[in-house]
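Each chain, letter by letter, is given below.
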Amino acid sequence: MKVKILRQENPASESYWETFDYDGPTDISIAGLLDHLNYNDDIIDDQGNKTTRIAWECSCLQGVCGACAMVINNVPALACDTFIKDIKKTPIEIRPLRKFPVIKDLMVDRSVIQENLTKTDTYIEQYSPSDSGDHDQQYDIAKCLKCGLCLEVCPNYVNGASFFGALFANDCYLVASRNKDKSKTVRDFYKEHFGKTCSKSFACMEVCPMNIPTLSSIGKLNKKK
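So, here's what we can say about the structure.

Basis of the calculations
Residues numbered from 1 in each chain as written. Predicted model: local features only at pLDDT ≥ 70, side-chain atom pairs only at ≥ 80, totals over all residues. Heavy atoms only, no water. Pairing = 2+ DSSP bridges. Helix = DSSP H or I, 4+ residues; strand = E, 2+ residues; numbered from the N terminus. Axes fitted to C-alpha atoms, helices over the stretch in contact; angles between N-to-C directions. Phe/Tyr/Trp six-rings, centres within 6.5 Å; stacked < 30°, edge-to-face > 60°. Buried < 20%, exposed > 50% of the residue type's maximum accessible area, 1.4 Å probe, protein only. Lys NZ or Arg CZ within 6 Å of the ring centre and 35° of its normal. 1 Å grid on protein atoms, 1.4 Å probe; cavity = no way out; pocket = protein on both sides within 12 Å on 5 of 7 lines; lining within 4 Å. Points joined across faces, edges and corners; volume = space filled by probe spheres on them. Nonpolar A, V, L, I, M, F, W, Y, C, P; charged D, E, K, R; others polar. Salt bridge = Lys/Arg side-chain N within 4 Å of Asp/Glu carboxyl O. Core = buried A, V, L, I, M, F, W, Y, C linked by side-chain atoms within 4.5 Å. Contact = heavy atoms within 4.5 Å.

Section: the sheet that holds strand 7 (residues 92-95)
Right, so step 1: What the five strands build is an open sheet, ordered 2-1-7-5-6; its pairing is mixed. Either end of the sheet is taken by a strand with one partner, and the two such strands are strand 2 (16-21) and strand 6 (75-78). Taking each pair of neighbouring strands and ignoring which way they run, the sheet shows an average axis angle of 30 degrees.

Some thoughts on the packing of aromatic side chains
Right, so step 1: Counted under the stated rule, the structure contains four aromatic pairs.
Right, so step 2: With centroids separated by 6.3 Å and ring planes inclined at 40 degrees, the aromatic side chains of Phe100 and Tyr157 adopt a geometry described as tilted. Here Tyr157 lies in the loop between helix 4 (149-153) and helix 5 (166-178) and Phe100 lies in the loop between strand 7 and strand 8 (102-104), a separation of 57 residues in the sequence. Of the two residues, Phe100 and Tyr157, both sit in the buried class.
Right, so step 3: Consider the rings of Phe164 and Phe168, whose centres lie 5.2 Å apart with planes at 85 degrees: the pair is edge-to-face.
Right, so step 4: Relative accessible area serves as the criterion here: at 3%, Phe164 is assigned to the buried category.
Right, so step 5: One aromatic cluster is present, built from ring pairs that chain together Phe163, Tyr190 and Phe194.
Right, so step 6: In this arrangement the basic side chain of Lys4 is found over the ring face of Trp17, its NZ or CZ atom lying 5.1 Å from the centre.

What about empty space enclosed by the protein?
Right, so step 1: Following the criterion strictly, the structure yields three cavities of 30 Å³ or more and no others.
Right, so step 2: A volume near 140 Å³ is recorded for the largest cavity.
Right, so step 3: Around the largest cavity sit 15 residues that line it, and Cys144, Cys150, Leu167, Cys208 and Ile212 are the ones nearest its centre.
Right, so step 4: Per-element accounting of the lining of the largest cavity gives the leading share, three residues, to helix 5.
Right, so step 5: Taken together, the residues that form the lining of the largest cavity break down as eleven nonpolar, three polar and one charged.

Some points on the pattern of salt bridges
Right, so step 1: According to the stated counting rule, one finds 16 salt bridges in the structure shown.
Right, so step 2: Between Lys143 and Asp140 there is a salt bridge, and its shortest N-O distance comes to 3.5 Å.
Right, so step 3: Assessed through its relative accessible area of 23%, Asp140 is described here as partly exposed.
Right, so step 4: Overlapping salt bridges bring together Lys2, Asp21 and Asp46 as one network.

Structural notes on the nonpolar core
Right, so step 1: Judged by nonpolar contacts, the single largest core of 63 residues is most densely connected at Ile5, Ile30, Leu34, Met70 and Ile94.
Right, so step 2: The greatest single-element share of this core, amounting to nine residues, is contributed by helix 5.
Right, so step 3: With sequence-adjacent residues up to four places away left out, Ile94 is seen in contact with Val3, Lys4, Ile5, Leu6, Trp17, Ile30, Leu33, Leu34, Met70, Val71 and Leu106.

Shape descriptors only; they carry no functional weight alone.
Put into structure tokens, the structure is as follows:
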């Protein structure tokens, strides 16, 4: 099986495709595949040329940290939650997320996510709920990994410049529901950085590994007074 990986030495260098051969089991994840390719001291491409280890990011490898987000056969997904046996098309093509600056190979800089949340003060702080009966929605939102997959597929998100994306809308609803003193301020931020710009494609919901109901968050946030 051929595996094509879009590589980049550093943020300033040009990206290039490099192909590897894989003949192992198909019941492993893409994360396992990358580990396999990186296993030996000498890393060899499909032409027999010596190359360097593939840089990628991971932590839990259980689908709950979001660190291994990347694009696999043009589908943004978590490498640890995507299995070779489920991929219909070969060669397998793996590239970094395209909406974030590349650090090296499949590693990207997603710090803009936290920077935007900090900029708009989208944090609960003192717990003082305004919607005591909405715990299911709040629990679902709290599962957000900040992995960036929703931003990768969003047609409105470009480098976090003015539109902050689905994860921001979800966090706004979570904060507005759990801190009534910040509710109006957070809703104003939501209207400025999401409400006027979202085209409602909801591709974000299709790729979310935690199945967060963003549409429900938007509807409930719009209802708040």
